Amino acid sequence: MTTLSRNPRLGGILAVVGSVLLLLSGLLSWSYEPILGDISVRFWPVTLQVYAMVIGAVALLLALVASGPLGRWAEHIDPARGLRTIGVTGVLFALASLIAVTLEAGGLINANEGVWIALVGAVLVTVGGYLRPETKVLDPSTIALPAWVEIITIALLLGVALFTAQYALKQEEPWVLVLLVGMLIGVTLTITRSNLAAWLGGVTTRHRRVFTLATFVVALAFPFTQGGSEANLTIAGNVLIFAATALGLNIVVGLAGLLDLGYIAFLGAGAYVGASMSMSAFATIGWKPPFLVVMVIGGVVSSILGLIIGSPTLRVSGDYLAIVTLAFGEIFRLAMFNLDGTSGPNITRGSNGINAIPDLNLFGFNFGETHTLLGIEIPRAGNYYFVLIALIVFVIVVFTHLNNSRIGRGWVAIREDERAAEAMGVNVFGLKLLAFAGGASLAGMAGTVKAHMDQAVSPDSYIFLESAFLLAAVVLGGMGTVGGVLIGAALLKFLPEKLRFLDDYRLLMFGLVLVVMMRVRPEGLVASKRRQLEFHDDDEDLAETVAIDELEAAK
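Treat the numbers as computed from the prediction; the structure is a model and nothing was measured.

Analysis parameters
Residues numbered from 1 in each chain as written. Predicted model: local features only at pLDDT ≥ 70, side-chain atom pairs only at ≥ 80, totals over all residues. Heavy atoms only, no water. Helix = DSSP H or I, 4+ residues; strand = E, 2+ residues; numbered from the N terminus. Rg over C-alpha atoms; globule rule 2.2 N^0.38 Å. Buried < 20%, exposed > 50% of the residue type's maximum accessible area, 1.4 Å probe, protein only. Areas by Shrake-Rupley, 256 points an atom, 1.4 Å probe, with all protein chains shown as cover. Lys, Arg positive; Asp, Glu negative; His and termini not counted. Charge placed at Lys NZ, Arg CZ, Asp CG, Glu CD. Contact = heavy atoms within 4.5 Å. Polar contact = N/O pair within 3.5 Å; in protein donor to acceptor, adjacent residues only side chain to side chain. Phe/Tyr/Trp six-rings, centres within 6.5 Å; stacked < 30°, edge-to-face > 60°. Salt bridge = Lys/Arg side-chain N within 4 Å of Asp/Glu carboxyl O. Patch = residues over 30% accessible without salt bridge, like charges linked within 9 Å, V, L, I, M, F, W, Y side chains within 5 Å. pLDDT = per-residue confidence, 0-100. Expected span 1.5 Å × (residues − 1). Bend = angle between axes of the 7 residues up to and from the residue. Axes fitted to C-alpha atoms, helices over the stretch in contact; angles between N-to-C directions. Parallel < 35°, antiparallel > 145°, perpendicular 65-115°, else oblique. Nonpolar A, V, L, I, M, F, W, Y, C, P; charged D, E, K, R; others polar.

> Tell me about the overall build of the protein chain, and name the residues and values.
Helix and strand content of the protein chain: 21 helices and four strands. Its C-alpha radius of gyration of 25 Å places the protein chain within 12% of the 24 Å reference for a compact globule of 555 residues. Relative to its 555 residues, the protein chain shows a buried fraction of 47%. Total accessible area computed for the protein chain in this model is approximately 25600 Å², and 67% of it derives from carbon and sulfur atoms. Averaging the positions of the 34 positive and the 40 negative side-chain charges in the protein chain gives two centres separated by 4 Å.

Dropping the structure here:
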């Protein structure tokens, strides 16, 4: 590859030609058959054709940075790494499109000229990226444009995110959804690897309050874009419950570095508290306090369980701790089966579970009814969506304050080197227990909402596979970060709902995707700088940036 990298001029030309071919492919026919949104039509791009044009547009931007009128940006953007990533993304996308056309239209012969041109263009972009040498670039996060330009950039980004979310939820064609997600992951990795993400990070940091407020507004606007779809908003609600639980796990795993394989038990404990104290005819506890009190009780009960499971961490760590937490998750599930009035006291009704849990009714607002806001119908799932948004905001505030406090730095010290942290006076035992109890309480509160949203709880809902998915969301998104975990949770909860056509192959596909992601991006989709340094300890610039950030944080 060293020899190939000696011809950057040819690489730039190939990248430009390949990018143009990708853009052109979107205007051509991809199939003889009207499949996948009718990709047989020319000059009217839909679905796969539009995705190819997005890949081509990103590749053209980087190609113009490599050799063109945008060359002055080359000191801040590394076009070589970006072109390689987007080129490989384009090749995989074109090959997957060929498979989709073959399966949907009944043979490879039904593939038209557009998809072949897209494949050729992606190959040229990839070769162009490898012909250029990688360069050391300056940190673009300090480049400040006029404030109004940066605020408009934030608004555009969040607007694109909202449009993409509602567009993805509306897709009924499995192949269209799979290729859309693949394209988005490839573009995100390209932006990160080419250093463009660093500038966006600087923009959001400089306008943190605007970004936070705009994100909140976009989240609240989401139900209004779904046209009253109960199914889509139910998926969104499940994603939020999963994300709130994953953020709690992020305290234990991402900050304190304690591997927990039974975390779903804390969500289950909260759900059972909510169900047992509900107005259901099958509820086993006679006391019916207001829901907000039930939510607090659910958090307290889960945190007590967290203290119980956290206590053994005094004696075990690493693999042994993983085994202890795995056993705890299974003990919880079996205990729920046995608290049925026969093997033990009647609290959970055993395998029957607690059903017919009524909808919430807070201050006269019935969550089970359809309400009309601003002329748009908000169904039952939409009502719970707003409650879960409030819960997510609370969880993020708690997580952020803990992360930026002395407690958070103590957790990070334990994660890095427990013995060194103890020698420096860090209360290792107390902080470990606090991590387990704090993370568990957040999951418990989410569980109380989940009980009313699902209207039923049963032991089979809290199996090891759910804990594994939670852990995968934290690792895939980026341990110790808020945005990364939210993205990871959204991907791992949203895709299984939409990929049911794969049946028994869903887990196989997920396993393959996770293996690939851990190979190309071991620090996660949105990694903290310290986490990145653990995987790139030879990056002197990154090490210097981390040192400066820690000095600033210590002031």
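That shown, we press on.
> I'd like to hear about the environment of Ser19, residue by residue, with values.
Relative to the elements of secondary structure, Ser19 occurs in helix α1 (residues 8–25). Placed 106 residues apart in sequence, Ser19 and Val125 show a C-alpha to C-alpha distance of 6.6 Å. In this structure, Ser19 is in contact with Gly56, Ala59, Leu60, Ala63 and Val125, ignoring residues within four places of it in sequence. Only 2.6 Å separates the side chain of Ser19 from the backbone oxygen of Ala15, close enough to count as a polar contact.

> Before we move on, could you go through the packing of aromatic side chains and cite the residues and values that matter?
Here the structure, examined in full by the defined rule, presents 10 aromatic pairs. Centre to centre, the rings of Trp30 and Phe93 are 6.3 Å apart; their planes meet at 70 degrees, and the pair counts as edge-to-face. Remark: Phe93 occurs in helix α3 (residues 79–105) and Trp30 occurs in the loop between α1 and α2 (47–66); sequence separation between them is 63 residues. Since its relative accessible area comes to 0%, Trp30 is described here as buried. Ring centres of Tyr385 and Phe386 lie 5.9 Å apart, and the angle between their planes is 80 degrees; this geometry places the pair in the edge-to-face category. On the accessibility criterion, Phe386 (23% relative accessible area) is partly exposed. Each residue in the set Phe222, Phe224, Tyr385 and Phe386 is aromatic and connected to the rest through ring pairs, giving one cluster.

> Can you break down the pattern of salt bridges residue by residue, with the values?
Counting across every chain of the model gives six salt bridges. A salt bridge links Asp359 to Arg380, with the shortest nitrogen-to-oxygen separation between them at 2.7 Å. Of this pair, Asp359 sits in the loop between α12 (319–338) and β1 (361–362) while Arg380 sits in helix α13 (residues 380–403); the two residues are 21 residues apart in sequence, bridging distant segments of the chain. Take Arg380: its relative accessible area is 16%, and that puts it in the buried class. Here Glu418 makes a salt bridge to Lys432, at a shortest N to O gap of 3.1 Å.

> Could you give me a rundown of a nonpolar patch on the surface, with the residues and numbers involved?
Together, Val88, Leu92, Leu95 and Tyr130 give the surface a local cluster of nonpolar side chains, amounting to about 330 Å² of exposed area. No other element matches α3, which puts three residues into the nonpolar patch. If you trace the backbone, Tyr130 turns up in helix α4 (residues 113–131). Judged by its relative accessible area of 32%, Tyr130 falls in the partly exposed class.

> Talk me through unusual backbone geometry; I want residue IDs and the actual numbers.
The phi dihedral of Asp38 is positive, around 70 degrees, even though this residue is not glycine. Relative to the helices and strands, Asp38 resides in the loop between α1 and α2. The class for Asp38 is partly exposed, based on a relative accessible area of 27%. One non-glycine residue with positive phi stands out, namely Gln455, at about 65 degrees. When you line up the elements, Gln455 lands in the loop between α16 (428–454) and α17 (464–477). The exposure class of Gln455 is partly exposed, given its relative accessible area of 33%.

> Describe the confidence of the model for the protein chain, and please don't skip the residues or the numbers.
When pLDDT is averaged along the protein chain, the result is 84; 92% of the residues meet or exceed 70. Within the protein chain, the element-level pLDDT minimum falls on helix α21 (residues 540–554), averaging 61, and the maximum on α4, averaging 93.

> Pulling in residues and values, what's your account of the environment of Asn195?
One can find Asn195 in the loop between α6 (174–193) and α7 (196–206). C-alpha separation for the pair Asn195 and Arg81, spaced 114 residues apart in sequence, amounts to 9.1 Å. Setting aside chain neighbours within four positions, we find Asn195 in contact with His76, Val137, Leu138 and Pro140. Within the structure, Asn195 has its side chain in polar contact with the backbone oxygen of His76 (distance 3.3 Å).

> Describe helix α9 (residues 230–255), and please don't skip the residues or the numbers.
Relative to the 38 Å expected for 26 residues at 1.5 Å per residue, α9 spans 36 Å between its end C-alpha atoms, a close match to the ideal helical length. Leu249 marks where α9 bends most, by close to 35 degrees. α9 sits mainly inside the fold: 23 of its 26 residues count as buried.

> How would you sum up the packing of α9 against helix α14 (residues 406–416)? Please name residues and give values.
Taken N-terminus to C-terminus, the directions of α9 and α14 make an angle of 50 degrees; their axes are 8 Å apart at the nearest point. As the angle between them shows, α9 and α14 are arranged oblique. Two secondary-structure elements touch here, α9 through Ile251, Val253, Gly254 and Leu255 and α14 through Trp411, Val412 and Arg415. Taken together, the residues of the contact of α9 with α14 sort by class into five nonpolar, one polar and one charged.

> I'd like a rundown of the packing of helix α5 (residues 147–170) against α7, residues and numbers included.
For the pair α5 and α7, interaxial distance at closest approach is 10 Å and the crossing angle is 110 degrees. Considering their axes alone, α5 and α7 lie roughly perpendicular with respect to each other. Only Trp199, Leu200, Val203 and Arg206 of α7 make contact with α5, whose side of the interface consists of Glu150, Thr153, Ile154 and Leu157. A per-class count over the contact of α5 with α7 returns five nonpolar, one polar and two charged.

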